[in-house]
Amino acid sequence: MAVSSDSQMKIVNGDAGYVLEDVPHLTDYIPDLPTYPNPLRSNPAYSVVKQYFVHVDDTVPQKVVVHKDGPRGIHFRRAGPRQKVYFESDEVHACIVTCGGLCPGLNTVIREIVCGLYNMYGVNKILGIDGGYRGFYSKNTVTLTPKVVNDIHKRGGTILGTSRGGYDTSKIVDSIEDRGINQVYIIGGDGTQKGVAVIFEEIRRRGLKVAVLGIPKTIDNDIPVIDKSFGFDTAVEEAQRAINAAHVEAESIENGIGVVKLMGRIRALHGVLLAGFIAMYATLASRDVDCCLIPESPFYLEGKGGLFEFIEKRLKENGHMVIVIAEGAGQELLSESLESMKQDASGNKLLPDVGLWLSQRIKDHFSKQRNFAINLKYIDPTYMIRAIPSNASDNVYCTLLAQSAVHGAMAGYTGFTSGLVNGRQTYIPFHRITERQNKVVITDRMWARLLSSTNQPSFPNPKELAEAKKESEAPTQLLDGENKEDQSVKKTFLA
Ligand SMILES: Nc1ncnc2c1ncn2[C@@H]1O[C@H](COP(=O)(O)OP(=O)(O)OP(=O)(O)O)[C@@H](O)[C@H]1O
Ligand SMILES: O=P(O)(O)OC[C@H]1O[C@](O)(CO)[C@@H](O)[C@@H]1O
Ligand SMILES: [Mg+2]
């Protein structure tokens, strides 16, 4: 096997195109670290479980759909307990911090890191950092014990508090060093994970025996590689309540329209990274939605093929309709210049309220039409879907993520994000998580499934429509047995 490595990328090449994108280990920069038998080996609860420990060569493929002659492809290290650990129980001084926006399940992850460290590894020095990254250097800490965290999974939010902005690598690493912390658990979204990568680099540069790891969090589900982010299912489930209310209101009144705005926004400083996952999954789950608008699929209002035309058609057919719009959708229609928008403390763009804007535009449009009065109700459940405790399946997911992170840190791995890949817990190198953001791919099957479920238009670009019209008016060569009418039907169908 060929191995190549820099500080955050350890690539192992095997047979038949097998590639392991491995994660760093403390021994990469501190040689001759002593090891200890994993305390779980003498714990009767675990020692009876055959093959409880993960084999050192276990890896998980990134792609499970393969071709007969294709290469085996990229793999990640499988998470789980190892036979040997690199920390003694009473040597560990761990800390946990939560950063970025709220997300269902944050408290469950905190609880399970504390209980995992305490119950599985006998660790009892665990600090909670108050209020996100800036809490490392400007706030007090809280002592976390299984008793303190016992009930917190039943509450929304994070008992540690969170924040945006305030990231300062040297102050954070100074604080870690000064407090004698040697395991750092950082829970947060895309921005947070970029911060964890830099903290890891600095810790490695200083040669500290400190395991640094990230646990990906975001209800936007825009973190790449992993199957999905925790809290996403809970948020989609809660969004159903808003959609259901919009549907009940809309169908109870003549020409009723329910508009629901859901989270999912533009994330990058300079442009076009978008995430409409919550809107897409909430629409697919609900079946009451007639039209789902997401940032990845541009739409327009007026004219042929536009939203107004579709609304009128649906109202005439059904007497009511529900529209779901992701907060980042249609922003190009609201503002000529996204560059001039305000930003939050972390540099994320602050978006104008597209739901309110769309509702007003629909009202204005139909107020001009005689004999076609509409009744529009706008529901904005934005913070309701993320400020709740996680549901049962997210709770289980959070537990696996947290326990995997604990096993990884105890085994001396560092500089990794704990994540689910193809249903297996893995350790993923930071660069894989931070190099890009996930967005809905509208040429993928999932978006096609949504379109076939709502039967909404795909909003062809007016320029494309004009070109198609010009083409259909031009004399065409007919195939044998075809008349001109057949051809135009075919073209409309293809559009
Ligand atoms: N490129 C970066 N390098 C270092 N730190 C960063 C970077 N981007 C963001 N951060 C820090 O990470 C923390 C969280 O970032 P942000 O507010 O963007 O939320 P997030 O982690 O992306 O979560 P979400 O967007 O899902 O709410 C902030 O304290 C911010 O200063
Ligand atoms: O108002 P806040 O706390 O900045 O958070 C809003 C953003 O946070 C998220 O929930 C997660 O990033 C986005 O969907 C949303 O735009
Ligand atoms: Mg973010």
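Where an unreviewed UniProt entry is consulted, the chain appears under the name ATP-dependent 6-phosphofructokinase, with the organism given as Morus notabilis. Taken directly from UniProt, the Pathway (unreviewed entry) text for the chain runs: "Carbohydrate degradation; glycolysis; D-glyceraldehyde 3-phosphate and glycerone phosphate from D-glucose: step 3/4." The UniProt entry for the chain carries the following text under Subcellular location (unreviewed entry): "Cytoplasm".

## As for the environment of Ser404
Here Ser404 is to be found in helix H12 (residues 392–410). Given 27 C-beta atoms within 10 Å, Ser404 falls into the buried group. Along the chain, Ser404 and Asp168 lie 236 residues apart, while their C-alpha atoms are 28 Å from each other. If near-sequence neighbours (up to four positions away) are discounted, Ser404 is found in contact with Ala79, Gly80, Ser418 and Gln425.

## A closer look at helix H5 (residues 169–179)
Within H5, burial applies to Ile172, Val173 and Ile176. The arc that holds the buried residues of H5, viewed along the axis, is 90 degrees, so those residues lie on one side. Away from the buried face of H5 by more than 90 degrees, exposed residues Ser170 and Asp178 are located. In this fold, the buried residues of H5 make contact with helix H3 (135–138), strand E11 (183–188) and helix H6 (190–205). At the C-terminal side of H5, Gly180 shows a positive phi close to 70 degrees.

## Comments concerning the nonpolar core
The biggest cluster of nonpolar side chains holds 124 residues, and the ones touching the most others in it are Ile96, Tyr185, Ile278 and Val324. In terms of residues, this core owes the most to one element, helix H2 (residues 106–121), which gives ten residues. Domain assignment of the residues forming this core places at least three in each of domain 1 (16–227 + 390–434) and domain 2 (232–388). Those residues in contact with Val324 that lie beyond four places of it in its chain are Ile243, Val260, Leu262, Ala279, Ala282, Thr283, Val289 and Cys292.

## Brief notes about the site of ligand 1
Lining the immediate surroundings of ligand 1 are 22 residues, of which Gly100, Gly101, Gly189, Gly191 and Ser346 lie closest. In terms of residue count, H6 provides more of the shell around ligand 1 than any other element does, six residues in total.

## Digging into the sheet that holds strand E15 (residues 320–326)
In space, the four strands of this open sheet follow the order E14-E15-E13-E16, with parallel pairing throughout. Edge strands, defined here as strands with exactly one partner in the open sheet, are strand E14 (291–293) and strand E16 (375–379). Ignoring strand direction, the axes of neighbouring strands in this sheet form an average angle of 15 degrees. Bridge count between strand E13 (residues 256–262) and E15: seven bridges; the pairing is parallel. Counted as the bridge partner of Gly258 is Val322 from E15. Packing of helix H8 (residues 277–286) onto the sheet brings it into contact with E13, E14 and E15, and relative to E15 it is tilted by some 150 degrees.

## Points about the UniProt feature "active site" (unreviewed entry) in the chain
With numbering aligned to this structure, UniProt lists the feature "active site" (unreviewed entry) at Asp220. In this structure, Asp220 sits in the loop between strand E12 (211–216) and helix H7 (232–251). Judged by C-beta crowding, with 30 C-beta atoms within 10 Å, Asp220 ranks as buried. In this structure Asp220 touches Met263, Gly264, Ala275 and Phe277, once residues within four positions along its chain are discounted.

Rules used in this analysis
- Residues numbered from 1 in each chain as written.
- Chains lettered and ligands numbered in written order.
- Predicted model: local features only at pLDDT ≥ 70, side-chain atom pairs only at ≥ 80, totals over all residues.
- UniProt positions renumbered as here; feature names shortened; annotations may be inferred.
- Helix = DSSP H or I, 4+ residues; strand = E, 2+ residues; numbered from the N terminus.
- Buried ≥ 20, exposed ≤ 12 C-beta atoms within 10 Å, placed from the backbone.
- Contact = placed C-beta atoms within 7 Å.
- Arc of directions from axis to C-beta.
- Core = buried A, V, L, I, M, F, W, Y, C linked by C-beta atoms within 7 Å.
- Domains from an automatic or database assignment.
- Near = placed C-beta within 6 Å.
- Pairing = 2+ DSSP bridges.
- Axes fitted to C-alpha atoms, helices over the stretch in contact; angles between N-to-C directions.

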